[in-house]
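# An overview of the molecular structure
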Amino acid sequence: MRRLPVYLLLDTSGSMRGERIEAVKNGLQVLVSKLRQDPFALESVWISIITFDREVKQLLPLTALEVLQLPDIIPPESGPTHMGAALELLSLKLDTEVHKGSDTEKGDWRPLLFLMTDGKPSDLAAFRAVVPKIKAQNLAGIIACAAGAEANDSYLKELTDTVVHLDTADSSTLMAFFKWVSASIGTGNKSVGTAESIQLPPPPEEVHVII
């Protein structure tokens, strides 16, 4: 079975402490649970989690859905949001973790990227330098989420045309977002091999698509 690599890049800067990060953890639990109810996803979806604050960490290397155990996520009390460094790490992992096809065998499906932030990149020069590299890596979909009033859509639009905004970053809104991500992965899992880019399901009313 060919793998569908799914990378989740999550803002864990100080502003995510408290209710927001607990909502993210609960959302991840729901995402994994829903995907495990889909037999096709259970066989093919592999997930990685990269967090970014003043440090960038791959908390979960690309792991099969059926054996995945979610890591604990603990934001620092304060500090910058190194989104550019997170995308650099992602670029490296796309090169080393995703199996490329050959003349004798098919490689993995084109990966999906979901990025969520409640702010903007602190390392803007690094962010803008790495964006062309990410775009050149032929992902099946890049979906960026600006969560809350302080989140900036315009920088995310430099990375992808598919940007969604959450008016608030409370637990119910973030839960709605992660349920939609789960549905998007399920849809992408079935369409990624037949279309140039994945067709996303309609978002819930809490998730606004930025044109």
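Everything that follows concerns the structure shown earlier in this document.
The shown structure was predicted, so the numbers you read here are calculated from the model rather than taken from an experiment. (Residues numbered from 1 in each chain as written. Predicted model: local features only at pLDDT ≥ 70, side-chain atom pairs only at ≥ 80, totals over all residues. Heavy atoms only, no water.)

If you walk through the whole model with that rule in mind, you get two aromatic pairs. Ring geometry for Phe177 against Phe178: centres 5.3 Å apart, planes inclined by 70°, an arrangement best described as edge-to-face. Phe177 sits in the buried class, given a relative accessible area of 2%. By relative accessible area, Phe178 is classed as buried at 2%. (Phe/Tyr/Trp six-rings, centres within 6.5 Å; stacked < 30°, edge-to-face > 60°. Buried < 20%, exposed > 50% of the residue type's maximum accessible area, 1.4 Å probe, protein only.)

With respect to burial, strand S1 (residues 4-11) is a largely interior element, eight of its eight residues being buried. Both faces of S1 are covered, namely the face carrying Leu4, Val6, Leu8 and Leu10 and the face carrying Pro5, Tyr7, Leu9 and Asp11. With eight bridges joining them, S1 and strand S2 (residues 45-52) adopt parallel strand pairing. From the neighbouring strand, Tyr7 faces S2, where its bridge partner is Ser48. Where S1 lies against strand S4 (residues 112-117), five bridges are found, and the strand directions are parallel. Counterpart to Val6 in the pairing with S4 is Leu112. (Helix = DSSP H or I, 4+ residues; strand = E, 2+ residues; numbered from the N terminus. Pairing = 2+ DSSP bridges.)

A few words on the sheet that holds strand S3 (residues 56-64). Across the sheet, seven strands lie side by side as S3-S2-S1-S4-S5-S6-S7; this open sheet has mixed pairing. Unpaired on one side and paired on the other, S3 and strand S7 (207-210) mark the two borders of the sheet. The average angle at which neighbouring strand axes cross in this sheet is 20°, direction not considered. Those strands touched by helix H3 (residues 83-97) are S1, S2, S3 and S4, and its axis lies near 30° from that of S3. (Axes fitted to C-alpha atoms, helices over the stretch in contact; angles between N-to-C directions. Contact = heavy atoms within 4.5 Å.)

Let's shift gears to the side chain of Asp53. Here Asp53 shows up in the loop between S2 and S3. Look at Asp53: it is buried, it has no salt bridge, and the nearest opposite charge is Arg54 at 5.2 Å. Engagement of the side chain of Asp53 in a polar contact is seen with the side chain of Thr12, the distance being 2.8 Å. (Lys, Arg positive; Asp, Glu negative; His and termini not counted. Salt bridge = Lys/Arg side-chain N within 4 Å of Asp/Glu carboxyl O. Polar contact = N/O pair within 3.5 Å; in protein donor to acceptor, adjacent residues only side chain to side chain.)

If you look at the biggest cluster of nonpolar residues, it comprises 37 residues, and the most contacted ones within it are Val6, Val24, Val45, Ile47, Met116 and Phe177. Put simply, the parts of the chain that give this core at least two residues each are S1, helix H1 (19-36), S2, S4, strand S5 (141-147), strand S6 (162-166) and helix H6 (171-191). For this core, the element with the highest residue contribution is H1, accounting for seven residues. Once you skip the residues sitting within four places of it in the chain, Val6 turns out to touch Val45, Trp46, Ile47, Ser48, Leu62, Leu112, Phe114 and Ile185. Counting residues in hydrophobic clusters, the runner-up holds 27 residues, among them Leu87, Val98, Leu113 and Leu115. (Core = buried A, V, L, I, M, F, W, Y, C linked by side-chain atoms within 4.5 Å.)

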